[in-house]
Amino acid sequence: MSERLLSLGLDVGTTSTQMVLSQLTIENKASAFAVPEMKIVDRKILYQSPVYVTPLLDESRMDAKALRELVEAEYRRAGIAREDVDTGAVIVTGETSRKENARAVLEALSDLAGDFVVTAAGPDLESVLAAKGAGADALSEQLEQDVLHMDIGGGTSNLCLLRRGKVIRTGCLNVGGRLIRMDARGRVTYVSPVLEGLFPIAAGEVMTRETARALGETLTRGLEMAAGRLPPEDLLARLQTREAQRPWEPPEGEVVLSFSGGVADCMETAHPFLAFGDVGPELGQAIRKSRLCRGNYVLGKETIRATVIGAGSHSTQLSGSTVFCQNIPLPLKNLPVLREEEGDVREEELSILAIPGIAAPSYSQVIALAEKLLPRMGKQALVCLERDMAKALGQALAARMPPDARILCIDGIAPGSGSYLDVGAPVGGAFPVVIKTLVFGKQPMRREL
Amino acid sequence: MNKQQLAAMVAEILQGMGQEPLAKGGDYRPAAPQPEQKPTGYQDGDFVPDITALDLRKLYLVEEPQKGDAFRRLKEKTPARLGCGRAGARYKTLTMLRFRADHAAAQDAVFSQVSRDFAAKNGMEEVQTLCRDKDEYLTRPDKGRRFDAQTQEKLRTLLPQKPRVQIVVGDGLSSAAIEANAMDCLAAIREGLQVRRIDPGKPVFVRYCRVGAGDAIGDITGCELVCMLVGERPGLVTDKSMSVYITYRPHTGVSESSRTVVSNIHAQGTPAVEAGAHTAQLIETILKKQVSGVGLHREAEA
């Protein structure tokens, strides 16, 4: 017996907007004589949109109406109603996320997505989605070496360091193909503010191929430092995005590099200088000739589509299958994760406590943990654990709280500090969960559900 | 050949053996010099390290492997005895001893008794099936499913009549499994049922117990559902694996297909407390749907 989830991926990037619809197949992998163990066993792409240019009203605002129409038209072309979408992610990435109306646009688009579709993903999740969409996680599982995936888009480069299929860390740099744009004759029409003080060129000046190459080489040097192929200098710090939670640390050892994003398409193929009216072709060629491509490197199995396919197919994970939920209306969105060491649950906002739990505990240990947690909870107890004990802990809490208490206990989930959870309605007993960071800072949920 | 000839031949053979004695083990001298015996570092009276405490998933014995790290990662996924290396054409001593130790533990789990005070210590009454001892239990499965008239009478006075849920703890084929898991699992089942406003009733411990003993208890109590925690036949991976069998409307002769099973309950499998919490929910579902076993699966798929 298998269940299916229809998952939406919508990526509104600096340059391009794309949409995919994927079907996630979920099956019980345990025998009929054991406790169920639900797993995502297949991810199939049902529909891929063309790569659209992200519609802008002007340099600081997206065209919300055009975006909405675009998405509606894509639903029609896919032959899928928005009500049928179960999960997925709508993400506004790169420079687009810094537009004045980014938040409003995202909120408008979330109407068009399903009930349990994540919006406002943030650079950490984007990096993970791009790496998974490009297949870098699978690659790192096969290799003895760590893999550093770089998704080089129009405005930013999302970095993700992977070891044996697991994410070690993520980062984001202001390196992209469309930080400068030119018209057909090479006159500069736009210079991203992030280049201020890094590269002396202004709108109205004429961009020569040599200048574009020099910019490509400068940005590539930043990537070389990020990959540990050059000692880190001031340039690396200056290319850090302000959204990043912590500065990027280059990998300690030798890594295999993996590339995706629109610029990755300009690495193997040399395009004419003004083919796209930006510095993407020169940046791609600079990367191809740099230290990044000495030794082992791969192009992702998806390049320009890596992030959107990641959003559609890899944003959702499943909790353990023995979990506990009582009086909780689902989906829950934007739940701040509170780590054990970060103090008590605050009264004013709903949050979920993340603790490791105990492997194969005795029931008295379960009760002891429940009693330790109780004073930290109000009328609501939301807990996520790494170890398989959520159902036992949930019922132990339920036995010690009033019958109308709201309790959610899930396991098999290890969110990092500063992350947020979205939790959807259960599938065969397991809860679909998306771990994310938020683009626009905190959006506290009302404490009373 | 007549009797005399035969006697003469035997005498001849015996004589020959006397003249040329067979080689004895102690007389053997190897042609090549032997490696020197390494000092063990142990004193007389020391305990040798417990080889059964080594995690099979981490025990990798191949010498000079080409991709040892990769093999170790694969080994994490299974307790199978892989990557054991070899000594000539044979197992290494550690592999051989561990195999025999695990085999012995499995046999012990079958042949040993759940301790005499187990039931009383955990607030349960104890009864015994028709089997008089382990040997009879192992050779006569039919006797492990029934009680004599006196025990039936005892159960009738001991247990509530027509309860919704009757919980039974039975030693089954692994006493070790019951001692390790039953009480944690039972505590989780009881609290889980109480949260769901279902009376967990009064659990009873059955010695020399087969799953079918629950059917006999169904006959005696008229319970709506019997939930039995019972030791599984041990294997070489663990001797402490327990199962839960839930039967709706149990009675002698009920079909095996009407049982819902949760198996593999042990520290490396499903933790006892999670299995218990899961069982409590299953009991609620089975009482609501009034069906267990294959029928419940059909209902879920319909």
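Residues numbered from 1 in each chain as written. Chains lettered and ligands numbered in written order. Predicted model: local features only at pLDDT ≥ 70, side-chain atom pairs only at ≥ 80, totals over all residues. Heavy atoms only, no water.

**A closer look at the sheet that holds strand β5 (residues 242-248) of chain B**
Residues and elements named next belong to chain B. What counts is decided by this rule: In short, DSSP must find at least two bridges between two strands for them to pair. Under the DSSP-based scheme used, a helix requires at least four consecutive residues in state H or I and a strand at least two consecutive residues in state E, with every element numbered from the N terminus. Here the axes come from fitting lines to C-alpha atoms, over the contacting stretch only for helices, and the angles between their N-to-C directions go from 0 to 180 degrees.
Ordered by their spatial adjacency, six strands build an open sheet running β1-β3-β2-β4-β5-β6, and the pairing between neighbours is mixed. Edge positions in the sheet fall to β1 (125-128) and β6 (259-265), since each of these pairs with one other strand and no more. Between one strand and the next, the sheet's axes are offset by a mean angle of 20°, whatever the strand orientation. In this structure, strand β2 (residues 165-170) lies alongside strand β3 (residues 204-207), joined through three bridges in parallel fashion. Its bridge partner being in β3, Val168 is matched across the sheet by Val204.

**As for the interface of chain B and chain A**
This is how it is decided: Contacts: residue pairs with any heavy atoms within 4.5 Å of one another. When two parts are brought into contact, each loses some accessible area as probed by a 1.4 Å sphere; the total of that loss over both is the buried area. Here a salt bridge means any side-chain nitrogen of Lys or Arg lying within 4 Å of a carboxyl oxygen belonging to Asp or Glu. Definition of a polar contact: a pair of N or O atoms within 3.5 Å, with one able to donate and the other able to accept a hydrogen when the atoms are protein atoms, and with sequence-neighbouring residues admitted only if both atoms are side-chain atoms.
Each partner contributes residues to the interface: chain B has 26 residues there, and chain A has 28 residues. Here chain B meets chain A over a buried area of about 2200 Å², counting both sides, of which 58% is carbon and sulfur. Sorting the residues of chain B by area buried against chain A places Arg73(B), Glu191(B) and Glu274(B) first, and these three jointly supply 28% of that buried surface. Residue Arg400(A) is joined to Glu191(B) by a salt bridge in which the shortest nitrogen-to-oxygen separation is 2.9 Å. Seen at the junction of chain B and chain A, the total is 10 residue pairs in polar contact (both at pLDDT 80 or more). Those elements that place two or more of their residues in the side of chain B that touches chain A are α2 (68-75), α7 (175-195), β6, α9 (272-289) and α10 (294-301) of chain B.

**Quick look at the packing of helix α11 (residues 390-399) of chain A against α9(B)**
This is how it is decided: What makes a crossing left-handed is the near helix being turned counterclockwise from the far one by less than a right angle; a clockwise turn instead makes it right-handed. Under the scheme applied here, ten amino acids are nonpolar (Ala, Val, Leu, Ile, Met, Phe, Trp, Tyr, Cys and Pro), four are charged (Asp, Glu, Lys and Arg), and all others, including Gly, are polar.
The geometry of α11(A) relative to α9(B) is characterised by a closest axis approach of 7 Å and an angle of 65° between their N-to-C directions. Both α11(A) and α9(B) take part in a crossing whose hand is left-handed. Residue-level contacts link Ala390(A), Lys391(A), Ala392(A) and Gln395(A) of α11(A) to Val273(B), Glu274(B), Ala277(B), His278(B), Ala280(B) and Gln281(B) of α9(B). Here the residues of the contact of α11(A) with α9(B) are counted per class, giving five nonpolar, three polar and two charged.

**Notes on the sheet that holds strand β11 (residues 166-173) of chain A**
Residues and elements named next belong to chain A. Within the open sheet, the five strands sit side by side as β11-β10-β9-β14-β15. Their pairing is mixed. One side of each edge strand has no neighbouring strand; the edge strands of this open sheet are β11 and β15 (297-299). Shown here is a sheet whose adjacent strand axes are inclined to one another by a mean of 20°, direction ignored. Note: strand β10 (residues 157-163) against β11, seven bridges, orientation antiparallel. Each residue of the ladder has a partner; that of Cys160, found in β11, is Thr170.

**Section: the pairing of strand β13 (residues 188-191) of chain A**
Residue and element names in this part refer to chain A. Bridge count for strand β12 (residues 180-182) against β13 is three bridges, and the pairing is antiparallel. For Ile180, the partnering residue across the bridge sits in β13 and is Val191. Taking the residues that link successive antiparallel strands as the turn, the β12-β13 hairpin has five residues, and the phi of Gly186 there is positive, at about 90°.

**Looking at the packing of aromatic side chains**
Applied cut-off: Pairing of aromatic side chains requires ring centres within 6.5 Å, counting the rings of Phe and Tyr and the six-membered ring of Trp. Pairs whose planes differ by under 30 degrees are stacked, by over 60 edge-to-face, and all others tilted. Any residue under 20% of the maximum accessible area for its type is buried, any over 50% is exposed, and the rest in between are partly exposed; the area is computed with a 1.4 Å probe on protein chains only.
Inspection of every chain in the model, using the stated rule, returns four aromatic pairs over all chains. Geometrically, the ring pair formed by Phe259(A) and Tyr297(A) is edge-to-face, given 6.2 Å between the ring centres and 70° between the ring planes. Of this pair, Phe259(A) sits in strand β14 (residues 255-260) while Tyr297(A) is found in strand β15, placing the two residues 38 residues apart along the sequence. Look at Phe259(A) and you get buried, because its relative accessible area is 0%. On the numbers, 4.9 Å between centres and 25° between planes, the contact of Tyr60(B) with Phe71(B) is stacked. With a gap of 11 residues between them, Tyr60(B) in the loop between α1 (3-19) and α2 and Phe71(B) in helix α2 connect regions that are remote in the sequence. Owing to a relative accessible area of 11%, Tyr60(B) belongs among the buried residues under this scheme. Of the residues examined, Phe71(B) reaches a relative accessible area of 30% and is grouped as partly exposed.

**Quick look at the confidence of the model for chain B**
Using the following cut-off: By definition, pLDDT measures how confident the predictor is in each residue, and it falls between 0 and 100.
Overall, the predicted model of chain B reaches an average pLDDT of 91, with 92% of residues at or above 70. Reported confidences for the modelled complex are a pTM of 0.83 and an ipTM of 0.82.

**Section: the nonpolar core**
All names here are of chain A. Rules: Nonpolar cores are built from buried Ala, Val, Leu, Ile, Met, Phe, Trp, Tyr and Cys residues. Side-chain atoms within 4.5 Å join them into one set.
In terms of nonpolar packing, the biggest core is built from 46 residues, with Val383, Leu393, Leu397, Leu408, Ile410 and Leu421 touching the most fellow members. With six residues, the single largest contributor to this core is α11. The contacts of Ile410, once residues within four sequence positions are left out, are Ser319, Val323, Val383, Cys384, Leu385, Ala390, Leu421, Phe431 and Val433. Counting 40 residues, the second largest nonpolar core, distinct from the first, contains Ile152, Val188, Leu198 and Leu292.

**Things to note about a nonpolar patch on the surface**
The condition is simple: Patch membership requires more than 30% relative accessible area and the absence of a salt bridge. Residues of like charge join within 9 Å; the nonpolar side chains Val, Leu, Ile, Met, Phe, Trp and Tyr join within 5 Å. Using the Shrake-Rupley algorithm and a 1.4 Å probe, accessible areas are obtained, with residue cover drawn only from the displayed protein chains.
Judged by side-chain polarity, Leu6(B), Met9(B), Val10(B) and Ile13(B) come together as a nonpolar surface patch covering roughly 350 Å² of accessible area. Along the chain, Ile13(B) turns up in helix α1.

**Describing the pattern of salt bridges**
For side chains of opposite charge, pairing can occur when their charged atoms come near one another. By the definition in use, this model includes 32 salt bridges over all chains. Notably, a salt bridge pairs Arg288(A) with Glu268(A), separated by 3.6 Å at the nearest N-O pair. Of the two residues, Arg288(A) sits in helix α8 (residues 280-289) while Glu268(A) sits in helix α7 (residues 265-268), which places them 20 residues apart along the sequence. Classification of Glu268(A) by relative accessible area gives partly exposed; the value is 47%. Arg259(B) serves as the salt-bridge partner of Asp215(B), at 2.9 Å between the closest nitrogen and oxygen. Separated by 44 residues along the polypeptide, Asp215(B) in helix α8 (residues 213-221) and Arg259(B) in strand β6 bring together distant segments of the chain.

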